[in-house]
Amino acid sequence: MTDLDEYLRARRTEIESALDRYLPSPPACPPSVAGAMRYSVFAGGKRLRPVLTLAAAEAAARHAEQSVDAARRLAMPAACAVEMIHTYSLVHDDLPAMDDDSLRRGRPTSHVVHGEGLAILAGDALQAEAFGLLAREPDASEPAMIVRRLQVLGVVAGAAGAAGMVGGQALDLEASRPPPGRAGTSLDVAALEGMHARKTGALIRAAAAAGAIVAGADDDLVGSIDTYAAEAGLAFQIVDDILDVEGHSDALGKTPGKDEAAGKLTYSAFYGVARSRELAHACLARAEEALRRAGLGDSRLADIARWIVTRDR
Ligand code: GRG
């Protein structure tokens, strides 16, 4: 097991126990909705986004010669909130009205198990719980921490909303499932990049920025970490498209080949797999450069970017 594997394993364990604490349970809420939320949250996701939040907080703390462990603790609520929002987006994306998928994270999708109504509600509740958590935690009364908490809330809301993930999903829907009687919009490669920047890139950037902000990074450092995360996020999407062509459902935990079968424009369809790999490596080089310039060249963030382009699931 590599050093990074050990790091990822330790962070995932901490994230999962924090998610378990933060998610609502009966009698505070009905067992049906609690069960549906937990079904999707604890289905074995990679936890890329919350790990980025924690690693960005660590990088900011190390930069300021402060405690890495304390920074990670401060960043845990934002890490979990981002994972809740990501999970809600997957539950809703899998619905028949959207991507209509029956396999996710290696299990039948939420609506297949719980029915469409409860799947929609579980997604809605995950989003609401995420923002409640961001409003409450970290529980500190110093004015500086209250300001950071509000800043994180604004960054995550922007990334999740109409200018971010929801907007990207709307562009995807317009292209792939237009309203009855209307032709789908056709995406060129620039539009494809813009759509992904919103749909998956925005939340990945917000995940990293949130960690840096809560750990007290100044605007310059947050900006460098944001540049890094934008490149890492694009690399993540390009690799996701490659895995849709080359991956196996056992490793991926979802149905491979769906995008290709649906005739969707993807990086691998447009550029071919070999060129797509080169593009992902070019993103990695730019992500590493952004870190180096900020004095974070040897941080965990760099290892995570390398893992993003070499992953097989
Ligand atoms: C429903 C508002 C709304 C948005 C949905 C993210 C998203 C927007 C849809 C997912 C569609 C998709 C498969 C996009 C490709 C990239 C991606 C987000 C993959 C899933 O993320 P991973 O690989 O998943 O990090 P795990 O399960 O590991 O957390």
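So, here's what we can say about the structure. (Residues numbered from 1 in each chain as written. Predicted model: local features only at pLDDT ≥ 70, side-chain atom pairs only at ≥ 80, totals over all residues. Heavy atoms only, no water.)

## Focus: the site of the ligand
Spelled out, the test is: We call a residue near a given molecule or strand whenever any one of its heavy atoms falls within 4 Å of it. Surface accessibility follows the Shrake-Rupley procedure with a 1.4 Å probe radius. Residue values consider only the protein chains on display as shielding. Under the DSSP-based scheme used, a helix requires at least four consecutive residues in state H or I and a strand at least two consecutive residues in state E, with every element numbered from the N terminus. Asp, Glu, Lys and Arg are counted as charged, while Ala, Val, Leu, Ile, Met, Phe, Trp, Tyr, Cys and Pro are counted as nonpolar; the rest, among them Gly, fall into the polar class.
Taken together, 18 residues sit near the ligand, with K46, R49, H86, R105 and D240 positioned nearest. Taking 700 Å² as the accessible area of the ligand by itself, protein coverage stands at 92%. Secondary structure elements with two or more residues in the shell around the ligand: α4 (68-93), α8 (165-176), α9 (189-214) and α10 (219-246). By residue number, the principal contributor to the shell around the ligand is α4, which donates six residues. Taken together, the residues that form the shell around the ligand break down as five nonpolar, seven polar and six charged.

## Things to note about helix α2 (residues 31-41)
Rule in force here: In this scheme, a residue with accessible area under 20% of its type's maximum is buried, one over 50% is exposed, and one in between is partly exposed, where area comes from a 1.4 Å probe on protein chains only. Any pair of residues with heavy atoms lying within 4.5 Å of one another is described as a contacting pair.
For α2, the buried fraction is high: eight of the eleven residues fall into the buried class. Inspection of α2 places V33, A34, A36, M37, R38, Y39, S40 and V41 among the buried residues, and these make up the whole buried set. Contact partners of the buried residues in α2: α1 (3-22), α4, β2 (107-108), α5 (110-114) and α6 (116-136).

## Some remarks on helix α14 (residues 273-293)
Note the threshold: The span you would expect from a helix comes to 1.5 Å times its residue count less one.
Under the 1.5 Å per step criterion, the end-to-end length of α14 is 30 Å for 21 residues, consistent within 8% with the ideal 30 Å. Burial in α14 covers these residues: S276, L279, A280, C283, L284, A287, E288, A290 and L291. Residues of α14 that are buried in the fold lie against α10, α13 (267-271) and α15 (300-310). One or two positions beyond α14, positive phi appears at G295, with a value near 75°.

## Points about the packing of α10 against α15
The following threshold applies: Axis angles are defined between N-to-C directions and span 0 to 180 degrees, where every axis is a line fitted to C-alpha atoms and, for a helix, only to the segment in contact. Under this scheme an angle from 65 to 115 degrees is roughly perpendicular, one under 35 degrees roughly parallel, and one over 145 degrees roughly antiparallel; angles in between are oblique. Crossing handedness: left-handed means the near helix sits turned counterclockwise from the far one by under a right angle, and right-handed means the same turn made clockwise.
At their nearest, the axes of α10 and α15 sit 8 Å apart, and the two run at 15° to each other. In terms of orientation, α10 and α15 fall into the roughly parallel class. The element α10 and its partner α15 pack so that their crossing is left-handed. From α10, I225, Y228, A232, A235, F236 and V239 reach across to α15, where they touch L301, I304, A305, I308 and V309. Taken together, the residues that form the contact of α10 with α15 break down as eleven nonpolar, no polar and no charged.

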